[in-house]
2 protein chains.
Amino acid sequence: MNKPLQHRSICPLASALDLFGDKWTLLVIRDLACGKSQFKDFMQSPEKIATNILSSRLARLQALELVETFASTLQPGRQAYRLTAKGETLVPVLQALADWGLANIDGTRAMLRPVDRDKKEQKP
Amino acid sequence: MNKPLQHRSICPLASALDLFGDKWTLLVIRDLACGKSQFKDFMQSPEKIATNILSSRLARLQALELVETFASTLQPGRQAYRLTAKGETLVPVLQALADWGLANIDGTRAMLRPVDRDKKEQKP
DNA sequence: CAGTATCCATTTTGATACTG
DNA sequence: CAGTATCAAAATGGATACTG
């Protein structure tokens, strides 16, 4: 369903763009970094991602071991998503892009505040 | 020729992705940051960008005032491209992505070494 | 060489319908 | 709710021809 993920060159930037060079992947990571864990949470973000796109992004991120699923304590019986330790290493990337946007794009407002995931799961 | 550039939300990350969320834009910035200034220089990068894509990206970056043209001293009579001061502020973004790629994607090699632009223009 | 223009293939996206 | 499946539309990309 998703692509084999081959890289165009040995450039680490080009290779990273092969993974994240699209409009949605890093936004899903952002939501995860902010503590969102359920499908509907991602759907509610202001950018309004489509279900099929969200689904394929989550699958690809799982294949890359940047995201994993776990049993949600909020909604028993359902699975939820979270960043792996490897996925967490993307936060500085998000931060760099968000910092740039905040400083250079009119009308943007800070909103990248990682939430403690355990706390969120325990106290919705 | 290029899009009106509207943002999906007030999120600085989402807005940044509206500008840079594609496979080529940041690679052009990379080349500029490394001191490349002529059309053919960009064409020679290992990722092999097509002329029409390079052309449209340069135009868009100029519209965003991240890139400007100047009279090349290397090839008199021809124009060349360089980052504006605003464009230079993207270097930390490149760096964050490249750092991540280098640390997490097998087979990548460091290659993001900004070159002094004036020196390059004077001593090819 | 430095682009622009064009044609066409592929990819991505968006909307929506549908199933457990 | 959480996805999967479809399908059409739009964006993007690649190859190449063409002009100054």
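The structure under discussion appears in the preceding block.
The structure contained in this document is the topic of the report that follows. Predicted model only: the values in this text are computed from it and were never measured. (Residues numbered from 1 in each chain as written. Chains lettered and ligands numbered in written order. Predicted model: local features only at pLDDT ≥ 70, side-chain atom pairs only at ≥ 80, totals over all residues. Heavy atoms only, no water.)

Structural alignment of chain A on chain B gives an RMSD of 0.0 Å, achieved by rotating through 180 degrees and translating 0.0 Å along the axis. Overall, the copies show the geometry of a two-fold rotation axis. Interface residue correspondence from chain A to chain B reaches 98%, placing this contact among same-surface, isologous pairings. (Least-squares fit on C-alpha atoms with pLDDT ≥ 70 in both. Contact = heavy atoms within 4.5 Å.)

Before going further, it helps to examine the interface of chain A and chain B. Residue-level contacts link 43 residues of chain A with 43 residues of chain B. Summing both partners gives a buried area of about 3,800 Å² for chain A against chain B, and 74% of it is carried by carbon and sulfur. Summed over the shared surface of chain A and chain B, the number is eight residue pairs in polar contact (both at pLDDT 80 or more). Secondary structure elements with two or more residues in the side of chain A that touches chain B: α1 (12–20), α2 (25–33) and α6 (91–104) of chain A. The element contributing the most residues to the side of chain A that touches chain B is α6(A), with 10 residues. Tallied by class, residues from the side of chain A that touches chain B come to 26 nonpolar, nine polar and eight charged. (Buried area = accessible area lost by both parts, 1.4 Å probe. Polar contact = N/O pair within 3.5 Å; in protein donor to acceptor, adjacent residues only side chain to side chain. Helix = DSSP H or I, 4+ residues; strand = E, 2+ residues; numbered from the N terminus. Nonpolar A, V, L, I, M, F, W, Y, C, P; charged D, E, K, R; others polar.)

Let us now look at the packing of aromatic side chains. With the rule as written, the count across this model stands at four aromatic pairs over all chains. Taken together, a centroid distance of 6.4 Å and an interplanar angle of 70 degrees make the contact between A:F42 and A:Y81 edge-to-face. With A:F42 in helix α3 (residues 39–43) and A:Y81 in strand β2 (residues 79–83), this pair connects stretches of sequence that are 39 residues apart. Overall, A:F42 belongs to the buried group, its relative accessible area being 2%. In this arrangement the basic side chain of A:R8 is found over the ring face of B:W24, its NZ or CZ atom lying 4.6 Å from the centre. Directly above the ring of A:F70 sits A:R82, whose terminal nitrogen or CZ lies 4.3 Å from the centroid. (Phe/Tyr/Trp six-rings, centres within 6.5 Å; stacked < 30°, edge-to-face > 60°. Buried < 20%, exposed > 50% of the residue type's maximum accessible area, 1.4 Å probe, protein only. Lys NZ or Arg CZ within 6 Å of the ring centre and 35° of its normal.)

Evaluation of the coordinates by the stated rule reveals 12 salt bridges over all chains. The shortest N-O distance in the salt bridge between B:R57 and B:D22 comes to 3.0 Å. Here the residue B:R57 occupies a position in helix α4 (residues 51–63), and B:D22 occupies one in the loop between α1 (12–20) and α2 (25–33), the gap between them amounting to 35 residues. Residue B:K36 is joined to B:D31 by a salt bridge in which the shortest nitrogen-to-oxygen separation is 4.0 Å. Looking at B:D31, the relative accessible area reads 5%, which means it is buried. A cluster of three or more residues bridged by salt bridges with shared partners is formed by A:R30, A:D31, A:K36 and A:E47. (Salt bridge = Lys/Arg side-chain N within 4 Å of Asp/Glu carboxyl O.)

Moving on to the nonpolar core. A:L13, A:F20, A:W100, B:L13, B:F20 and B:W100 are the most contacted members of the largest nonpolar core, which has 64 residues in total. Those residues in contact with A:L13, other than ones at most four positions away along the chain, are B:L26, B:L27, B:R30, B:L94, B:L97 and B:A98. (Core = buried A, V, L, I, M, F, W, Y, C linked by side-chain atoms within 4.5 Å.)

Before going further, it helps to examine unusual backbone geometry. Residues and elements named next belong to chain A. Of note, the phi angle at K48 is positive, near 55 degrees, even though the residue is not glycine. Relative to the helices and strands, K48 resides in the loop between α3 and α4 (51–63). A residue is classified by how much of its surface remains accessible, and K48, at 54% relative accessible area, is exposed.

The values reported here are purely geometric and, on their own, carry no functional implication.
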